[in-house]
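Commentary on secondary and tertiary structure
This is what each chain is made of:
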Amino acid sequence: MVSRSYSNLLDLASGDSWTFSREKKRLPRVATVAGVLSELDDDNNNSVSSDAPSSISPERMIIVGNQLPLRVHRSSDGSGDWNFSWDEDSLLLQLKDGLGEDVEVIYVGCLKEQIEMSKQDDVSQTLLENFKCVPAFIPPELFSKFYHGFCKQHLWPLFHYMLPLSPDLGGRFDRSLWQAYLSVNKIFADKVMEVISPDDDFVWVHDYHLMVLPTFLRKRFNRVKLGYFLHSPFPSSEIYRTLPVRDELLRALLNSDLIGFHTFDYARHFLSCCSRMLGISYQSKRGYIGLEYYGRTVSIKILPVGIHSGQIQSVLNLPETQAKVAELRDQFKDKSVMLGVDDMDIFKGISLKLLAMEHWLLNHREKRGKVVLVQIANPARGRGRDVQEVQSETHATVRRINEAFGLPGYKPVVLIDRPLQFYERIAYYVIAESCLVTAVRDGMNLIPYEYIICRQGNEKLDEIVGLDPSAAKDSMLVVSEFIGCSPSLSGAIRVNPWNIEAVSEAMESALSVSTAEKQLRHEKHYRYVSTHDVAYWARSFLQDLERACRDHVRRRCWGIGFGLGFRVIALDPSFRKLSIEHIVSAYKRTKNRAILLDYDGTMMIPDSLSTTANAEAVAVMNNLGRDTNNVVYLVSGKDRKTLTSWFSSCERLGIAAEHGYFVRPNQDAEWETCVPVPDFDWMQIAEPVMKLYTETTDGSAIETKESALVWNYQYADPDFGSCQAKELLDHLESVLANEPVSVKSGQFIVEVKPQGVNKGLVAERLLAARQHNDMLPDFVLCIGDDRSDEDMFEVIMNARTGPSLSPVAEVFACTVGQKPSKAKYYLDDTSEILRMLQGLAEVSEQAACASQASQKPVIDRE
């Protein structure tokens with residue numbers, strides 16, 4: 001039973017205790033006392049051994065974002081009260097359309113205004129009752145450090161590929177800002193806990209502001225059904241690895257069940273970071289990408305977000321929109337309008353767009369007075385000197401261009417840097433012949449999607465702008481190749497925004513392309529944008545989240561680790577830790593024992609550079625081997641010369657070298673082979689191929705054995721080594737297709753060995769020999785740590801129902817570490833393995849001493 005107390009990470013807890021009510025309600029009352037949870041589920045709900053419900057059909061979704069989808073303003077009656085209304089532009093509100101009418105949605109987030117402390121309880125109650133929103137009230141100073149500090153000074157620039165190379169570029173890493181980030185994420189976690197029913201609800205966390213929230217929630221509720229979507233880019237590993245808290249953020253995200261990204265590039269960068277920094281590789285099965293993380297499969301979702309087409313259509317129908325379109329039609333009469341809509345920040349590439357426009361005007365002076373670039377600059381979301389520099393540069397460039405190329409009554413660039421109503425922006429979309437997005441880095445950018453829907457228009461707008469309603473619509477897009485929506489807009493002209501000349505040429509192409517071509521491109525884009533809207537995106541994410549959480553029902557969960565290193569172990573119910581007392585007791589009761597032990601990774605730390613055997617392991621195996629009731633085999637991938645040298649003192653120890661190809665039952669016996677191999681001529685074919693890949697892969701090496709060749713790339717670059725290993729595998733399979741060998745890949749290796757050679761053969765041989773001698777084992781212990789040992793586990797587990805074991809045999813198949821395995825038991829590490837074996841050896845020594853004592857002659861003192 002897991003304690004109900006919520007252990008705070010990194011000493012962030014307030015120290016207040018949690019109280020719980022036995023009564024269950026669908027929508028609990030918001031706690032009004034700091035640190036107190038009210039009306040959560042009964043004690044059994046969050047026990048690691050509790051059964052999850054049989055169905056996971058979602059009834060309620062808790063959506064967590066930095067800001068609630070609400071508009072906040074003071075009451076106009078002078079009372080000082082606050083009024084709230086839905087923010088129809090909020091993505092978090094729009095995605096409800098894809099969740100289904102039967103899904104109840106609760107929002108958790110901050111408000112856009114600071115609420116007085118005295119009114120926070122009343123506001124919380126009002127928002128919960130009227131909007132099903134749970135506000136997180138963050139003290140102003142803490143919020144500033146969290147949002148303007150860590151989020152905007154560290155995460156946001158880094159995720160957009162800007163390194164803090166100097167104090168002017170984001171500043172050095174500030175640990176106090178990181179602590180503020182953790183504190184705010186903890187507050188969000190507390191708010192989620194106030195309303196969650198952990199066995200029933202789904203939780204969907206959004207964006208980089210809340211990257212460590214999954215750890216707080218997973219620590220409190222091991223089986224929480226948790227999805228996370230990152231709306232910003234995820235940088236390459238070379239950029240991300242500079243972040244001092246890189247591992248903490250990766251591990252926090254891996255406490256989710258499903259992690260979503262806009263593009264494959266962002267997902268690929270995340271997977272590469274997991275591989276390089278955490279040593280976790282991904283697998284792709286039936287179209288789904290997943291990471292195995294301590295027995296849990298963390299799924300990866302790649303799907304760009306869409307827009308709410310219905311909302312835009314409704315704004316297109318407004319009289320205000322139609323009036324604005326008519327106004328703009330008259331303002332830009334007989335002119336082609338190119339449109340840019342961007343936030344005023346350093347990554348949107350406004351200045352690069354303006355420079356391209358200047359270049360275009362220089363090369364197409366004959367079109368002066370005929371083409372206008374309208375640049376809408378939305379207010380910056382951040383603050384700081386970089387924003388001021390962008391504003392200054394933008395205004396200076398616009399002024400220079402208009403002075404150089406303007407005419408009486410004509411300005412080639414129209415800069416709009418005031419906030420616009422949504423209908424005003426829509427009107428500009430309608431009259432623009434092309435839309436330019438030249439951001440140097442952007443997570444998604446939905447401006448092109450909005451533009452496409454607006455260019456489709458409606459009959460009334462067609463009439464205003466003088467179009468035939470029955471005619472096909474047209475549009476042109478020029479988009480940066482560095483924004484998330486670029487891959488989905490295959491009809492757009494993609495540009496490198498840093499290449500001013502290329503962007504200028506793209507502008508000319510957008511203006512000069514034929515109407516028929518514009519119509520074809522528009523039709524293709526409209527079909528995609530209208531079908532892949534925000535509802536489709538939300539529905540698809542929820543479906544994948546349901547699929548990712550199906551195993552929660554049958555898995556047993558344990559929480560391990562401290563602070564942000566916390567993670568949940570999810571294992572099959574029949575897989576449990578081996579009790580040393582239990583196995584020692586079974587060992588004492590039995591008299592005919594078979595013991596099979598792997599060496600590397602089991603009794604020696606994996607990848608140890610030691611050139612000698614572990615003295616403790618040698619002593620333990622020697623003691624076990626001396627017991628005449630035991631048959632002990634060391635089963636290793638090492639060559640027989642090394643093993644013979646290392647274990648020369650163990651006279652009764654059986655050794656199986658090179659994964660069982662060579663076998664020797666004791667020191668006095670001759671080596672035998674488990675599989676007859678007529679020749680090893682295939683080595684002459686395989687070795688030159690491996691040498692070729694070794695020469696081209698720095699950090700790789702070839703290990704030559706008597707029966708096998710192994711290409712090891714453990715010390716090579718992980719991505720390049722993995723890529724080379726796949727190529728080598730295909731190459732070897734091709735050239736050795738007619739040879740009696742098997743080519744297999746393992747952890748950092750590609751191995752070629754005779755067909756049929758595996759460690760399972762040693763187990764079969766041992767059991768068959770004991771059966772032939774009418775000495776059926778009543779105790780079997782098999783320990784290993786990697787994939788090659790799974791063959792032994794399979795053999796001894798299947799033998800339980802066969803004739804080769806005693807009907808009352810005790811069988812212990814044990815792996816090292818908690819991971820998916822055919823073994824039924826696990827121990828945590830090599831030290832626990834050796835401690836357990838030492839316990840067995842002591843039983844044998846005690847039995848030997850007792851036997852010697854009973855055989856001593858009794859001296860007659862008379």
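All values reported here derive from a predicted model rather than from experimental measurement. (Residues numbered from 1 in each chain as written. Predicted model: local features only at pLDDT ≥ 70, side-chain atom pairs only at ≥ 80, totals over all residues. Heavy atoms only, no water.)

This paragraph deals with helix α20 (residues 615-626). Helix length check: α20, at 12 residues, gives a terminal C-alpha distance of 17 Å against a target of 16 Å (1.5 Å per residue), a fit within 8%. All of the buried residues along α20 are Ala617, Val618, Val620, Met621, Asn622, Asn623, Leu624 and Gly625. Sitting at the head of α20, asparagine 614 places a side-chain oxygen 2.9 Å from the backbone nitrogen of glutamate 616. (Helix = DSSP H or I, 4+ residues; strand = E, 2+ residues; numbered from the N terminus. Expected span 1.5 Å × (residues − 1). Buried < 20%, exposed > 50% of the residue type's maximum accessible area, 1.4 Å probe, protein only. Polar contact = N/O pair within 3.5 Å; in protein donor to acceptor, adjacent residues only side chain to side chain.)

So, about the packing of aromatic side chains. Inspection of every chain in the model, using the stated rule, returns 34 aromatic pairs. Geometrically, the ring pair formed by phenylalanine 150 and tyrosine 181 is tilted, given 4.7 Å between the ring centres and 45 degrees between the ring planes. With phenylalanine 150 in helix α3 (residues 140-159) and tyrosine 181 in helix α4 (residues 175-195), this pair connects stretches of sequence that are 31 residues apart. Accessibility classification places phenylalanine 150 together with tyrosine 181 in one group, the buried group. On the numbers, 5.1 Å between centres and 45 degrees between planes, the contact of tryptophan 204 with tryptophan 537 is tilted. Of this pair, tryptophan 204 sits in strand β6 (residues 202-206) while tryptophan 537 sits in helix α18 (residues 534-548), placing them 333 residues apart in sequence. Looking at tryptophan 204, the relative accessible area reads 0%, which means it is buried. The rings of Phe143, Phe146, Tyr147, Phe150, Phe173, Trp178 and Tyr181 are connected pair by pair, giving a single aromatic cluster. Note that arginine 441 overlies the ring of tyrosine 161, its terminal NZ or CZ placed 3.8 Å from the centroid. (Phe/Tyr/Trp six-rings, centres within 6.5 Å; stacked < 30°, edge-to-face > 60°. Lys NZ or Arg CZ within 6 Å of the ring centre and 35° of its normal.)

Mapped onto the elements of the fold, glutamate 794 is located in helix α25 (residues 790-798). Classification of glutamate 794 as partly exposed rests on a relative accessible area of 35%. Spatially, the C-alpha atom of glutamate 794 lies 8.9 Å from that of alanine 813, the residues being 19 residues apart in sequence.

As a rule of thumb, soluble globular proteins bury nonpolar side chains together. Within the largest apolar cluster, 101 residues are counted, with the highest numbers of intra-cluster contacts made by Val64, Tyr181, Phe188, Phe234, Leu249, Leu254 and Phe270. Here this core takes 10 residues from α4, the largest share from any one element. Excluding anything up to four places from it in sequence, tyrosine 181 contacts Phe146, Phe150, Cys151, Leu155, Tyr208, His209, Leu210, Met211, Val212 and Leu249. Ranked by size, the runner-up nonpolar core spans 79 residues in total, among them Leu111, Phe131, Ile376 and Phe541. (Core = buried A, V, L, I, M, F, W, Y, C linked by side-chain atoms within 4.5 Å. Contact = heavy atoms within 4.5 Å.)

For the rest of this paragraph, the subject is the sheet that holds strand β15 (residues 434-437). The strand order across the open sheet built from six strands is β14-β13-β12-β15-β16-β17, with neighbouring strands paired in parallel fashion. Looking along the sheet, the strands with just one partner apiece sit at the ends: β14 (413-416) and β17 (493-495). Between one strand axis and the next, the sheet turns by 20 degrees as a mean value, whatever way the strands run. Pairing of strand β16 (residues 476-480) with β17, which is carried by three bridges, proceeds in the parallel orientation. (Pairing = 2+ DSSP bridges. Axes fitted to C-alpha atoms, helices over the stretch in contact; angles between N-to-C directions.)

Two pairing modes exist for strands in a sheet, parallel and antiparallel, and in both the strands are linked by backbone hydrogen bonds. Across the sheet, which stays open at both edges, the nine strands sit in the order β5-β4-β1-β6-β7-β8-β11-β10-β9 with mixed pairing between neighbours. Two strands in the sheet have a free side with no partner beyond their single neighbour: β5 (133-135) and β9 (282-285). Neighbour to neighbour, the strand axes of the sheet diverge by 25 degrees on average, direction disregarded. Here four bridges tie strand β8 (residues 258-261) to strand β11 (residues 296-302), and the two strands are oriented parallel to one another. Note on β11: the bridge partner recorded for leucine 258 is serine 299.

Structurally, serine 540 can be placed in helix α18. Once you skip the residues sitting within four places of it in the chain, serine 540 turns out to touch Lys301 and Leu303.

Where helix α14 (residues 447-456) meets helix α17 (residues 515-531), the axes come as close as 9 Å, and the angle between the chain directions of the two elements is 110 degrees. Taken together, the axis directions place α14 and α17 in an arrangement best described as roughly perpendicular. You can see that α14 and α17 cross each other, and the crossing is left-handed. Packed against α14, whose contacting residues are Tyr449, Ile452, Ile453, Arg455 and Gln456, the element α17 presents His522, His525, Tyr526, Tyr528 and Val529 at the interface. Of the residues belonging to the contact of α14 with α17, the class tally is six nonpolar, three polar and one charged. (Parallel < 35°, antiparallel > 145°, perpendicular 65-115°, else oblique. Left-handed = near helix turned anticlockwise from the far one by under 90°. Nonpolar A, V, L, I, M, F, W, Y, C, P; charged D, E, K, R; others polar.)

With that settled, consider the confidence of the model for the protein chain. The share of residues in the protein chain with pLDDT of 70 or more is 91%, and the mean pLDDT across the chain is 87. Low confidence marks residues 1-57, where pLDDT is under 50. Its contacts with residues over four positions away, or in another chain, come to 120 contacts. (pLDDT = per-residue confidence, 0-100.)

Our next topic: the pairing of strand β1 (residues 60-67). Counting buried residues along β1, seven of its eight residues qualify, which places the element largely inside the surrounding structure. Where β1 meets strand β4 (residues 104-110), six bridges bridge the pair, whose relative direction is parallel. Among the inter-strand pairings, arginine 60 is bridged to a residue of β4, identified as glutamate 104.

This part is about the pairing of strand β27 (residues 709-712). Where strand β26 (residues 701-704) lies against β27, four bridges are found, and the strand directions are antiparallel. Within β27, the position partnered with threonine 704 by the bridge is leucine 709. Where β26 folds back on β27, the antiparallel hairpin that results is connected by four residues. Across four bridges, β27 lies against strand β29 (residues 749-754) in antiparallel orientation. Bridging from a neighbouring strand, asparagine 712 pairs with isoleucine 749 of β29.

Here we come to the environment of phenylalanine 575. Residue placement: phenylalanine 575 occurs in the loop between β19 (567-571) and β20 (576-577). Taking C-alpha positions, phenylalanine 575 is 20 Å from arginine 835, a pair spaced 260 residues apart along the chain.

At lysine 132, a position not held by glycine, the phi torsion is positive, near 55 degrees. The phi dihedral of tyrosine 294 falls on the positive side, at around 55 degrees, and the residue is not glycine. Within the element layout of this structure, tyrosine 294 appears in the loop between β10 (288-293) and β11. Accessibility expressed as a relative area gives 30% for tyrosine 294, which makes it partly exposed.

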